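Chain and residue survey
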Amino acid sequence: MKKIELEIVALSHSITQTHSYAVVLGEVNGLRRLPIVIGGFEAQAIAVALERMQPSRPLTHDLMKNFMMAFNVELHEVIINDLQEGIFYSKLVCSSESDTVEIDSRTSDALALAVRFGCPIYTFEHILESAGILMEDTHKVKGKTELASTTTTTTGGNDDLKNLTLEELNHLLGEVLEQEDYIRAIAIRDEINSRKK
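Now for a look at the structure at hand. (Residues numbered from 1 in each chain as written. Predicted model: local features only at pLDDT ≥ 70, side-chain atom pairs only at ≥ 80, totals over all residues. Heavy atoms only, no water.)

1. Some words on the overall build of the chain
Stated formally: By definition, any uninterrupted DSSP run of H or I lasting at least four residues is a helix, any uninterrupted run of E lasting at least two residues is a strand, and each is numbered from the N terminus. Buried means the residue's accessible area, taken with a 1.4 Å probe over protein chains only, is under 20% of the maximum for its type, while exposed means over 50%, and partly exposed covers the values in between. Per-residue and other accessible areas follow the Shrake-Rupley method at a 1.4 Å probe size, with only the shown protein chains counted as cover for residues.
The number of helices and strands found in the chain is seven helices and nine strands. For the chain, with 197 residues in total, the buried portion stands at 43%. Accessible surface computed for the chain: about 11300 Å², of which carbon and sulfur atoms make up 51%.

This is the structure:
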């Protein structure tokens, strides 16, 4: 299978859902986005590395990187290789002097390490097809990551989505993507996908 390279384009926090964050991966040289819901600790770990902050004590992912470096283990790439029931699965492709291995990882941890090592992030077409969102027009500044605070739209919870037509859902998806509310976009995308089955 052909790998598709991704890059982190946004780290989004929903004000109304205090513990929900989304890291948004963008297709390199493409318009598709892959939003992944992560926890607060993982969002902080990614943000700290993206902003090149130096905490007074190493965070867990810094410790992991230091441990790997001490034993000459290099992280070459992260592959988001599976999606089951809305959960993303990833592998770390690592090598030492004598061996190359793939290690299972939570996607949020894999991304936190990828940022620290500066290694590429990949996925496959079937994952982008089922969980990706197509952006019509992007205004991305090369090499700069947005840290966006977002709010939900006037439409309420997931129950309200079931009352909307497919056309209304697609229109709403466009609106929430403009507002960069990726948490809400995930729910709308899932509702659209459930109706296509």
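2. Considering the packing of helix H1 (residues 40-50) against helix H3 (residues 107-117)
Keep this limit in mind: As a rule, the C-alpha atoms of each element are fitted with a line to give its axis, helices using only the stretch in contact, and angles between N-to-C directions run from 0 to 180 degrees. Note on angle classes: values under 35 degrees are labelled roughly parallel, values over 145 roughly antiparallel, values of 65 to 115 roughly perpendicular, and the remainder oblique. The contact criterion used is simple: two residues touch if any of their non-hydrogen atoms lie within 4.5 Å. For this scheme, ten residues count as nonpolar: Ala, Val, Leu, Ile, Met, Phe, Trp, Tyr, Cys and Pro. Four count as charged, namely Asp, Glu, Lys and Arg, and the remainder, Gly too, count as polar.
With their axes 9 Å apart at the nearest point, H1 and H3 run at an angle of 10° to one another. Here H1 is positioned roughly parallel relative to H3, judged by the angle of their axes. In this structure, H1 uses Glu42, Ala45, Ile46, Val48, Ala49 and Leu50 to contact H3, whose residues at the interface are Ser108, Asp109, Leu111, Ala112, Val115 and Arg116. Classifying every residue of the contact of H1 with H3 gives eight nonpolar, one polar and three charged.

3. Digging into the pattern of salt bridges
Using the following cut-off: We define a salt bridge as a contact between a side-chain nitrogen of Lys or Arg and a carboxyl oxygen of Asp or Glu at a distance within 4 Å.
Applying the stated rule across the entire model yields eleven salt bridges. For Glu42, the salt bridge goes to Arg106, with nearest N and O atoms at 2.5 Å. In this pair, Glu42 sits in helix H1 while Arg106 sits in strand S6 (residues 100-106), placing the two residues 64 residues apart along the sequence. Looking at Glu42, the relative accessible area reads 10%, which means it is buried. Several salt bridges share partner residues, and in doing so they unite Glu27, Arg32, Glu125 and Glu129 into one network.

4. Section: unusual backbone geometry
The phi angle at Arg52 is positive, at roughly 55°, despite the residue not being glycine. The topology assignment puts Arg52 in the loop between H1 and helix H2 (60-70). The phi angle at Asn72 is positive, at roughly 55°, despite the residue not being glycine. Tracing the backbone through its elements, the reader meets Asn72 in the loop between H2 and strand S4 (74-84).

5. With respect to the layout of surface pockets
Rule in force here: For each structure, a 1 Å grid was placed over the protein atoms alone; sets of points admitting a 1.4 Å probe that cannot get out are labelled cavities, open sets with protein on both sides within 12 Å along at least five of seven lines are labelled pockets, and lining residues have an atom within 4 Å of a point. Grid points are joined across faces, edges and corners, and a volume is the space filled by probe spheres set on the points. The split into domains, and so the bounds of each, comes from an automatic or database assignment of domains.
Considering only enclosed or pocket space, the second largest pocket measures out at about 550 Å³ in volume. For the second largest pocket, the lining is made up of 25 residues, of which Leu83, Glu85, Gly86, Ile87 and Phe88 are closest to its centre. Residue assignment for the lining of the second largest pocket shows that the elements contributing at least two residues are strand S3 (32-38), S4, strand S5 (87-95), H3, helix H4 (125-131) and helix H7 (182-196). At five residues, the largest contribution of residues to the lining of the second largest pocket is made by H7. Within the lining of the second largest pocket, the residues separate by chemical class into ten nonpolar, nine polar and six charged. Two domains each put at least three residues into the lining of the second largest pocket: domain 1 (3-134) and domain 2 (158-196).

6. A few points about the pairing of S5
How we decide: A pair of strands is considered paired only if DSSP assigns at least 2 bridges between the two.
Note: S4 against S5, nine bridges, orientation antiparallel. Bridge pairing in S5 places Glu74 opposite Ser95. The turn joining S4 and S5, which pair antiparallel and follow one another in sequence, is formed by two residues; a positive phi near 50° is taken by Glu85. In terms of strand pairing, S5 meets S6 through seven bridges, oriented antiparallel. When the bridges of S6 are listed, Lys91 appears paired with Asp104. The hairpin turn running from S5 into S6, its antiparallel successor, is four residues long.

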